[in-house]
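# Structure assessment
One-letter residues, chain by chain:
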Amino acid sequence: MEYKIHIDAGKEDCYYQYVHPTATIYVNMQVLKGGDGMAGMAVRNPKGEIVFPYTWKKSSEYEEVSQTGGYYAVCIDNQFSRFAAKLVNLYMTTFRYDLWEQYTQELEALDISVQNFTHSIKGVDQRIHEILLYQSQARAKESRDYQLLLSNNNYIQMWSFGQCLAILVTASLQVYFLRRFFEMQPTTKSGGRA
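Residues numbered from 1 in each chain as written. Predicted model: local features only at pLDDT ≥ 70, side-chain atom pairs only at ≥ 80, totals over all residues. Heavy atoms only, no water.

## Some points on the sheet that holds strand S3 (residues 23-33)
Ordered by their spatial adjacency, four strands build an open sheet running S1-S9-S3-S7, and the pairing between neighbours is antiparallel. The strands lining the two open edges of the sheet, one partner per strand, are strand S1 (2-7) and strand S7 (59-65). If you compare each strand with its neighbour and ignore which way they point, the axes differ by 15° on average. In terms of strand pairing, S3 meets S7 through seven bridges, oriented antiparallel. When the sheet's bridge partners are listed, Asn28 is paired in S7 with Glu61. (Pairing = 2+ DSSP bridges. Helix = DSSP H or I, 4+ residues; strand = E, 2+ residues; numbered from the N terminus. Axes fitted to C-alpha atoms, helices over the stretch in contact; angles between N-to-C directions.)

Okay, structure coming up:
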């Protein structure tokens, strides 16, 4: 599952994922925008022990084969940033290799010798998992680049608006002072000023 999470300044958010016994959990976190572009990620196992300690980085990833199973806690920390909120991309997934073993046993129970076939399928499954991981990282980088693009666009628009406003104010002042400079003063018949 992939989430885009908004974390306020000085806050920490935790998310929980159930992992079956002997299944693998994979977690990837990447900061898309906000502040210094870094946040902390920690992972706790079902016993509450920290298996991946907090690290203040732009992106972090964690992978483990769970022996006992249970709910893993993934916490994203923004406590070091006192003023800037962060937008974070969080990707969590679990997968079970034991189901492939069960499938192989079912085929062997049917007296079908397809060890090469199941080995190939297992290899394909692992490659698909790797592709999904790379795809998740590519999506996170794309989202970060898009947020940077939007930020740069807003910055350029504000400066352009400010420069246009400065040009208009300068032109108005020039017209005002030129008119005042060439303004004719009414004179009286005696040659003096009125």
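## Side note on the UniProt feature "transmembrane region" (unreviewed entry) in the chain
Within this numbering scheme, the UniProt entry marks residues 158-178 as carrying the feature "transmembrane region" (unreviewed entry). Structurally, residues 158-178 comprises 100% helix and 0% strand, and the distance from its first C-alpha atom to its last is 30 Å. (UniProt positions renumbered as here; feature names shortened; annotations may be inferred.)

## So, the pairing of strand S9 (residues 86-96)
Of all 11 residues that make up S9, nine are buried, and the element is covered over most of its length. Taken together, the six bridges between S1 and S9 define a ladder with antiparallel strand orientation. In the strand pairing of S9, His6 is matched with Leu87. The pairing of S3 with S9 spans 10 bridges and is classified as antiparallel. (Buried < 20%, exposed > 50% of the residue type's maximum accessible area, 1.4 Å probe, protein only.)

## Some details on the pattern of salt bridges
Across all of its chains, the model carries two salt bridges by this definition. Between Arg139 and Glu2 there is a salt bridge, with its nearest N and O atoms 3.0 Å apart. Here Arg139 is found in helix H2 (residues 115-181), whereas its partner Glu2 is found in strand S1, with 137 residues between them in sequence. We classify Arg139 as partly exposed; its relative accessible area is 36%. (Salt bridge = Lys/Arg side-chain N within 4 Å of Asp/Glu carboxyl O.)

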